[in-house]
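# Structural overview
The lines below spell out each chain.
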Amino acid sequence: MYPHLFQPITIGHLTLKNRILMGSMHTGLEDQVQGFEKLAVFYAERAREGLQLIVTGGFGVNEYALGMPEHAEFSTLCTPEQAARHRLITEAVHAEGSHILMQVLHVGRYDHGSGGVSPSSVESKLSNRSSRELSSAQIEQIIDDYVRCACLARDAGYDGVEIMGGEGYLINQFLAPLTNFREDQWGGNAEGRSRFALRIVQGIRAAMPSDFVISFRLSLMDLVEHGSHWNEVQELARKLEASGVDLINTSVGWHEARIPTVAMVVPRAAFSWAAQQLKQVVSIPVVASNRINTPEVADDLIAQGHADMVAMARPFLADPAFVRKAQSGQSASINTCIACNQACLDRIFTRQQVSCLVNPRACRELEWPQEKAPTVKKIAVLGAGPAGLACAREAAERGHSVTLFEPSIRIGGQFFLAQKIPGKEELAETLRYFENEIQRLGIELRLNTTPDVQALSQFDHVVVASGVVPRRSGIEGENNAKVVDYIEALRSPRFLGERVAIVGAGPLGFDMAELLAHCKSEDGSIPAFEREWGVDEMRELRGSVKTPQKSDSPRQLWLLQRSKQPMGSNLPTTTGWIRRTRLKKKSARMFNEVDYVHIDDNGLHLRIRGEQRCLSVDNIVVCAGQEAHNPWSARLQAHNIAHTVIGGARDAHKIDAARAIKEGAELGRQL
Ligand code: SF4
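As the structure is a prediction and not an experimental result, all values here were calculated from the model.

## Details of the domain arrangement of the protein
Put simply, an interface is often sized by how much accessible area is lost when its parts join up. Here the protein is described as being made up of domain 1 (378–469 + 627–670) and domain 2 (472–518 + 554–624). A straight line from the C-alpha centre of domain 1 to that of domain 2 covers 30 Å. With seven residues of domain 1 at the contact, the number on the domain 2 side is eleven residues. Here domain 1 meets domain 2 over a buried area of about 870 Å², counting both sides, of which 62% is carbon and sulfur. Taken as a group, Leu417, Ile421 and Pro422 account for 57% of the area that domain 1 buries against domain 2, more than any other trio of residues on that side. On the surface where domain 1 and domain 2 come into contact, there are one salt bridge. Among the salt bridges present, the one from Lys424 reaches Asp511, with a minimum N-O distance of 3.2 Å. Scanning the region where domain 1 abuts domain 2 turns up four residue pairs in polar contact (both at pLDDT 80 or more). Across the side of domain 1 that touches domain 2, the residue classes tally to four nonpolar, one polar and two charged.

## Regarding unusual backbone geometry
Despite not being glycine, Arg291 has its phi angle at roughly 55 degrees, a positive value. Summarising the element assignment, Arg291 is placed in the loop between β11 (286–288) and α9 (295–303). Overall, the relative accessible area of 6% leaves Arg291 in the buried class. Here the phi dihedral of Arg609 falls at roughly 50 degrees; this positive angle occurs in a residue that is not glycine. With respect to the secondary-structure elements, Arg609 resides in the loop between β23 (603–608) and β24 (611–615).

So, how was this worked out
- Residues numbered from 1 in each chain as written.
- Predicted model: local features only at pLDDT ≥ 70, side-chain atom pairs only at ≥ 80, totals over all residues.
- Heavy atoms only, no water.
- Domains from an automatic or database assignment.
- Contact = heavy atoms within 4.5 Å.
- Buried area = accessible area lost by both parts, 1.4 Å probe.
- Salt bridge = Lys/Arg side-chain N within 4 Å of Asp/Glu carboxyl O.
- Polar contact = N/O pair within 3.5 Å; in protein donor to acceptor, adjacent residues only side chain to side chain.
- Nonpolar A, V, L, I, M, F, W, Y, C, P; charged D, E, K, R; others polar.
- Helix = DSSP H or I, 4+ residues; strand = E, 2+ residues; numbered from the N terminus.
- Buried < 20%, exposed > 50% of the residue type's maximum accessible area, 1.4 Å probe, protein only.

Written as structure tokens, this is what we have:
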């Protein structure tokens, strides 16, 4: 299977059996007292499953490099004592026959505390603070810090380092005119701006034996105005190779870029064409990254000559056994990363420990060993939405005999409907995974079936995962024929008119607005994505950004909410801005501080910040939240049947797939 992906490759002195690199990802464990034990187990499990080359999350090159001095003891590498701690990780990975590089990082102005440092003093859109300009002496000191950090990484047993030169961090800040307008040797022109990066590489190469791998994370497209020009990127790549870099791992976009690079709306492998262009100018291996999440896509990229290797980070949170399953022809059983960011990147940006929406065991491997249950039980699960599916899967994996009852004709619940929302098509992968797991684990699936309580009394334990129902709006006149709930609208959006008001602007309301504003021309292809967001595929403009194309919505939309909060402020950090931007481009009208008065045949009567209006719309879609749907507990209790309620059926407040799957899997583990 996947002959190109499983072809050996040599990186420096390392010979790898496959061309998959686990990309760097900060997990939050790096900052914790017991974090290194957990990281060792986390990486070793992935190595055991066939990964040949891993890059750690970024470790700071000095005490201030990550802007988190309170975590510096664990998340930086500046002393031999700290290096000794890393041996847990390197020895665990090497014991599995795999290799590991440590990423060396300085965030520069992406420092959320003090504003950080950068080549020139400039405000960061990420931290909203101005950075302090580095003096020449400070720059020299930081270069020394990089070299010291790499030496300590070698002492700790790493096979090499990856120098983070992309994503808008300090090295990238030196490279781009946006953040470097110095006139001294560290700026002035492309040669001056690249001096910092090259001095770091040269310093590390000179201090290291030749068998120590140096990978450089190079930004192919900054996707910010006044970013690097493509000609400068090519020239830098040539110089990096000449300076002793063994591998170029590509990256795309700064954290403050207003073009999505890793979210679900980004087509798979959307930027691999840029890696292919880079391959023309260097002879060392080039790695493609961003939105590569299946072995089919990865193999295809290598087959087409887009890259020598592929980097995947989040897919290894979603499924530690990705490599083994792909190689052994079991790709249908891969738990695919759906690029939701909900349990990984969104948590990083709020300084929480990372996990994964589709695999809540991720980063908890030490406390969550994969063990069989001591006694086999008969388990009934009522409801095949995300919570029920996750519970059934985990319980069956542990050896229990599981019957999954679902009153409708298919699995997935609201998750099934949500895959219709533009940009959420990846949800189909999770349903495919669960379908496969039901078969693989021998779970008895009873669709279109509501068991009677008598039948349930035959089980040792019953799990109630009956989900949620839409909450009614409570607006006078809500029984008018114009009004539909979000489930009805998701099932049959084509029956809605051209003028639609959406009541409720939480995640459900935004989903609905995206569905109703969708145009046929937005076909999910890479060219359509580039037009929509303004990616300069000709590489003529700095940062590869151009003016995005506007595409009109086929409907006039009003998105409304009662609260005073800014619209969409409760959407997730890494994807909320994408959804707000998309709807603004479609000219959707968004209003907060709305008082709903009543609904009649003329439309929706309301007050917007005190001003009385009537929106004469064809339909009003109610996205006012959800209520727990639990018709079971009282009946099960009355018959003394042991049961547990999970997911939205337990608590509908802010229920989402991440919590539903986590609750389901955790219960499955305890049964
Ligand atoms: Fe992928 Fe979502 Fe899991 Fe993150 S939380 S690894 S994006 S599936």
